[in-house]
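# Topology and contacts: notes
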Amino acid sequence: MSRPAWFGVLPFLGRHASTRQETPAVQGLVIAGGGARASFQIGALRYLYEREHIAPTVITATSAGAILGSLLAQSKDPAEQLASLRGIEKLWLAMRQPSDMFTERGWFTQLKSHADALDVLRQVEEKADHDDPGHQPGLWSRFGWGTRQAATKQEGDAKQAGPTPTHQVAGGAATGAGE
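We now turn to the structure provided with this report. (Residues numbered from 1 in each chain as written. Predicted model: local features only at pLDDT ≥ 70, side-chain atom pairs only at ≥ 80, totals over all residues. Heavy atoms only, no water.)

To continue, consider a nonpolar patch on the surface. On the surface, a cluster of nonpolar side chains totalling about 340 Å² of accessible area is made up of Trp107, Phe108 and Leu111. Considering the arrangement of structural elements, one finds Phe108 in helix H5 (residues 106-113). (Patch = residues over 30% accessible without salt bridge, like charges linked within 9 Å, V, L, I, M, F, W, Y side chains within 5 Å. Areas by Shrake-Rupley, 256 points an atom, 1.4 Å probe, with all protein chains shown as cover. Salt bridge = Lys/Arg side-chain N within 4 Å of Asp/Glu carboxyl O. Helix = DSSP H or I, 4+ residues; strand = E, 2+ residues; numbered from the N terminus.)

The next point concerns the pattern of salt bridges. Across all of its chains, the model carries five salt bridges by this definition. Between Glu104 and Lys112 there is a salt bridge whose closest N-O contact spans 3.0 Å. By relative accessible area, Glu104 is classed as partly exposed at 44%. A salt bridge links Arg122 to Asp119; the shortest N-O distance between them is 2.9 Å. Residue Arg122 and its partner Asp119 are both found in helix H6 (residues 115-131); the two are separated by three residues, about one turn of the helix. The network of salt bridges with common partners includes Arg46, Glu50, Arg86 and Glu89. (Buried < 20%, exposed > 50% of the residue type's maximum accessible area, 1.4 Å probe, protein only.)

Moving on to the packing of aromatic side chains. Under the counting rule described, the total for this entry stands at one aromatic pair. Note on Trp107 and Phe108: the rings are 5.7 Å apart at their centroids and 80° apart in plane angle, and the pair reads as edge-to-face. (Phe/Tyr/Trp six-rings, centres within 6.5 Å; stacked < 30°, edge-to-face > 60°.)

What follows is the structure in structure tokens.
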């Protein structure tokens, strides 16, 4: 790979104008997050595409804006981006009630059908935790899914353990629980 003369400095000095290369224009689009803002953003983006004729080459977004951004980023052509935007707007406006947006998935329906069995397992585990203090905590209490009794036991264990010790981390900086 060859290097330009003076590591590319000469074009900036006005010499060797023939070595100067045009860089393509970059237009960025930033879309903020926030679920409720998405409906506003759809309208604002439609205005920008239809009236201002934007042609973003870089799109960055977060949260609900990332859904819109990923939809737009699937095509480079602004006309295709506008068509995608119109499609999501049509979908958005078609939603009239919560069930249009939030539908229960099959796996969750199946999980709910086993709620009685899960309650029995939780009760058995709580009894084992209560009867044998040295008992290895089960799944429910390990992940904080237990009842108030399990939470009270965890708080008591933390108080008995005392303050959290300081730990060394990479680079030699010490951190602890209170930092």
